[in-house]
Amino acid sequence: QVQLVESGGGLVQPGGSLRLSCATSGFTFSFYALSWYRQAPGKERELVAVITSSGGSTNYADSVKGRFTISRDNAKNTVYLQMNSLKPEDTAVYYCNANNRVADYWGQGTQVTVSS
(Lines give C-alpha, C1' and ligand atoms only; values in the text may rest on other atoms or scores of the structure.)
Protein backbone atom coordinates (compact mmCIF):
# COMPACT_ATOMS: atom_id res chain seq x y z
CA GLN A 1 0.00 0.00 0.00
CA VAL A 2 1.41 3.35 -1.07
CA GLN A 3 1.63 5.95 1.66
CA LEU A 4 2.96 9.51 1.73
CA VAL A 5 2.67 11.14 5.14
CA GLU A 6 3.52 14.81 5.55
CA SER A 7 4.48 16.34 8.87
CA GLY A 8 6.07 19.48 10.26
CA GLY A 9 3.42 22.04 9.44
CA GLY A 10 2.06 24.53 11.94
CA LEU A 11 1.74 28.17 12.87
CA VAL A 12 4.82 30.37 12.50
CA GLN A 13 5.44 34.10 12.60
CA PRO A 14 6.56 35.98 9.48
CA GLY A 15 10.30 35.57 9.02
CA GLY A 16 10.30 32.22 10.77
CA SER A 17 11.21 28.77 9.54
CA LEU A 18 9.63 25.35 9.24
CA ARG A 19 10.86 22.02 7.97
CA LEU A 20 8.32 19.76 6.31
CA SER A 21 8.91 16.03 6.00
CA CYS A 22 7.17 13.47 3.82
CA ALA A 23 7.74 9.87 4.83
CA THR A 24 6.85 7.38 2.13
CA SER A 25 6.33 3.65 1.74
CA GLY A 26 4.90 1.15 -0.68
CA PHE A 27 6.86 2.08 -3.79
CA THR A 28 10.47 2.29 -4.95
CA PHE A 29 11.30 5.75 -3.68
CA SER A 30 14.55 6.15 -5.60
CA PHE A 31 12.75 5.72 -8.94
CA TYR A 32 10.54 8.75 -8.44
CA ALA A 33 10.89 12.50 -8.72
CA LEU A 34 9.55 14.13 -5.57
CA SER A 35 7.73 17.42 -5.36
CA TRP A 36 6.06 19.74 -2.92
CA TYR A 37 2.89 21.53 -3.95
CA ARG A 38 0.72 23.95 -2.03
CA GLN A 39 -2.85 25.16 -2.18
CA ALA A 40 -4.07 28.31 -0.52
CA PRO A 41 -7.78 28.93 0.13
CA GLY A 42 -9.56 29.88 -3.07
CA LYS A 43 -6.51 29.23 -5.21
CA GLU A 44 -5.32 26.43 -7.46
CA ARG A 45 -2.70 23.97 -6.32
CA GLU A 46 0.76 25.16 -7.38
CA LEU A 47 4.15 23.50 -7.67
CA VAL A 48 6.59 24.76 -5.05
CA ALA A 49 9.69 22.62 -5.56
CA VAL A 50 10.81 19.43 -7.29
CA ILE A 51 13.83 17.16 -6.95
CA THR A 52 14.88 14.49 -9.41
CA SER A 53 15.05 10.81 -8.52
CA SER A 54 18.81 10.98 -8.00
CA GLY A 55 18.63 14.24 -6.10
CA GLY A 56 20.99 15.78 -8.59
CA SER A 57 18.68 18.52 -9.78
CA THR A 58 16.11 20.76 -8.15
CA ASN A 59 13.73 23.44 -9.33
CA TYR A 60 11.65 26.02 -7.50
CA ALA A 61 8.75 28.35 -8.03
CA ASP A 62 9.96 31.92 -8.42
CA SER A 63 8.03 32.92 -5.30
CA VAL A 64 10.13 30.65 -3.06
CA LYS A 65 13.57 30.73 -4.71
CA GLY A 66 16.29 31.54 -2.20
CA ARG A 67 14.00 30.81 0.75
CA PHE A 68 12.97 27.16 0.37
CA THR A 69 15.16 24.09 -0.11
CA ILE A 70 13.97 20.65 -1.17
CA SER A 71 16.04 17.58 -0.34
CA ARG A 72 15.62 13.83 -0.20
CA ASP A 73 17.05 10.92 1.71
CA ASN A 74 16.74 7.79 -0.41
CA ALA A 75 17.87 5.62 2.50
CA LYS A 76 14.94 6.87 4.61
CA ASN A 77 12.41 7.17 1.75
CA THR A 78 11.77 10.71 2.88
CA VAL A 79 11.65 14.09 1.19
CA TYR A 80 12.01 17.40 3.00
CA LEU A 81 11.18 21.03 2.44
CA GLN A 82 13.14 23.55 4.48
CA MET A 83 11.25 26.83 4.50
CA ASN A 84 12.99 29.98 5.70
CA SER A 85 11.99 33.65 5.77
CA LEU A 86 8.34 32.65 5.68
CA LYS A 87 5.77 35.18 4.53
CA PRO A 88 2.01 35.35 5.11
CA GLU A 89 1.52 34.51 1.44
CA ASP A 90 3.19 31.14 2.07
CA THR A 91 0.11 30.12 4.07
CA ALA A 92 -1.37 27.02 2.45
CA VAL A 93 -1.82 23.30 2.70
CA TYR A 94 1.42 21.69 1.53
CA TYR A 95 1.30 18.37 -0.32
CA CYS A 96 3.99 15.85 -1.10
CA ASN A 97 3.96 14.19 -4.54
CA ALA A 98 5.88 11.27 -6.01
CA ASN A 99 5.85 10.94 -9.77
CA ASN A 100 7.35 8.95 -12.59
CA ARG A 101 6.08 8.08 -16.06
CA VAL A 102 3.74 5.37 -14.82
CA ALA A 103 2.48 6.50 -11.42
CA ASP A 104 1.58 9.60 -9.46
CA TYR A 105 1.10 9.54 -5.69
CA TRP A 106 -0.07 12.21 -3.23
CA GLY A 107 0.01 12.75 0.49
CA GLN A 108 -2.88 14.12 2.53
CA GLY A 109 -1.28 17.50 3.13
CA THR A 110 -0.07 19.52 6.10
CA GLN A 111 -1.23 23.02 7.00
CA VAL A 112 1.29 25.85 7.15
CA THR A 113 0.06 29.15 8.55
CA VAL A 114 2.28 32.23 8.61
CA SER A 115 0.81 34.90 10.82
CA SER A 116 1.71 37.26 13.62
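Given the structure is predicted, the values throughout are model-derived calculations rather than measurements.

How do you make sense of unusual backbone geometry when you look at a structure like this?
Residues apart from glycine generally show negative phi values, whereas peptide bonds are mostly found in trans. Not every positive phi belongs to a glycine, and N77 is a case in point at roughly 55°. Here N77 is to be found in the loop between β7 (68–73) and β8 (78–83). Given the relative accessible area of 25%, N77 is considered partly exposed. Notably, S85 is not glycine yet its phi reads approximately 50°, a positive angle. Topologically, S85 is positioned in the loop between β8 and β9 (92–99).

Honestly, the pairing of strand β1 (residues 3–7) in this entry has me stumped. Any pointers?
For a regular strand, side-chain orientation follows a simple rule: the groups alternate between the two sheet faces. Here β1 shows one buried face, formed by L4 and E6, and one open face, formed by Q3, V5 and S7. In this sheet, strand β3 (residues 18–25) lies alongside β1 in antiparallel orientation, the contact comprising five bridges. What sits directly across from L4, in β3, is T24.

Reading the values: the criteria
Residues numbered from 1 in each chain as written. Predicted model: local features only at pLDDT ≥ 70, side-chain atom pairs only at ≥ 80, totals over all residues. Heavy atoms only, no water. Helix = DSSP H or I, 4+ residues; strand = E, 2+ residues; numbered from the N terminus. Buried < 20%, exposed > 50% of the residue type's maximum accessible area, 1.4 Å probe, protein only. Pairing = 2+ DSSP bridges.

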